[in-house]
Amino acid sequence: MDNSSGVGVLDKAALVLTALESGPATLAGLVAGTGLARPTAHRLAVALEHHRLVARDMQGRFVLGPRLAELSAAAGEDRLLATAGPVLARLRDITGESAQLWRRQGEHRVCVAAAERPSGLRDTIPVGSQLTMRAGSAAQVLLAWEDPERMHRGLQNAAFSAAALSGIRRRGWAQSIGEREQGVASVSAPVRSPGGKVIAAVSVSGPLERLSRQPGRMHAPAVLAAAERLSESLRRAAAE
């Protein structure tokens, strides 16, 4: 079947975005995945990066960019992102800490929505930020329910252990104290698709001096409630 729209440059740009749907890719990977000539693939990827439709991970590989999530939310096609704003704002107001929504993208996690604490000492994470999957409570949540092989790979060089992930699955939430950044603590809980798969993590984060060395004791109930509200919005959307 001919998938050509008749506008060649758009068709080629769509090939690049489609190739990145499965995860990060080097330029060689883009060439292999799209069938485009190397100079063409590079030119298009860099142009898409300029418009934030494509970004780079910490290894310099091409990944889908934050602008796609923004456009999806604006169009109302992504119920999770469309619902996240008020849920995160409420979580921030209840806890007094910055709140984020994270999704996994390859070997990193991406902040796709956030509600920042308006003043005072806070952990500021802009939307579109890419952080490691090897540290932090959101990384723990996004890895805890993965299949065994992917979990095993994710635990290599991680700041947490398989036993820690087992504990997270039992209680339903994760906490971290200085894992990602010294002096910062966080609490996270999973957001699930209508089929039960963990597709995102809701978090609150802030300075250790406020969250203490037991941040879950302070904020796990509120974070769990926020994650459940987002999961419920997905279930309602699927039933419509």
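- Taking an unreviewed UniProt entry as the reference, the chain is identified by name as IclR family transcriptional regulator NdgR belonging to Nocardioides aquiterrae.

**Considering the environment of glycine 136**
Then, in step 1: Mapped onto the fold, glycine 136 is located in the loop between β5 (130-132) and α6 (137-144).
Then, in step 2: Linking glycine 136 and serine 176, residues 40 residues apart in sequence, is a C-alpha distance of 5.5 Å.

**Some points on the packing of helix α5 (residues 79-95) against helix α10 (residues 215-239)**
Then, in step 1: Between α5 and α10, whose axes approach to 10 Å, the crossing angle comes to 160°. One element, α5, and the other, α10, form an angle in the roughly antiparallel class. Seen from above, α5 lies across α10 with right-handed handedness. Side by side, α5 and α10 meet where Arg79, Leu80, Thr83, Ala84, Val87, Arg90, Leu91, Ile94 and Thr95 of the first sit next to His219, Ala222, Val223, Ala226, Arg229, Leu230, Ser233, Leu234 and Ala237 of the second.
Then, in step 2: Each residue belonging to the contact of α5 with α10 can be placed in one class, and the counts come to eleven nonpolar, four polar and three charged.

Rules and cut-offs
Residues numbered from 1 in each chain as written. Predicted model: local features only at pLDDT ≥ 70, side-chain atom pairs only at ≥ 80, totals over all residues. Heavy atoms only, no water. Helix = DSSP H or I, 4+ residues; strand = E, 2+ residues; numbered from the N terminus. Axes fitted to C-alpha atoms, helices over the stretch in contact; angles between N-to-C directions. Parallel < 35°, antiparallel > 145°, perpendicular 65-115°, else oblique. Left-handed = near helix turned anticlockwise from the far one by under 90°. Contact = heavy atoms within 4.5 Å. Nonpolar A, V, L, I, M, F, W, Y, C, P; charged D, E, K, R; others polar.

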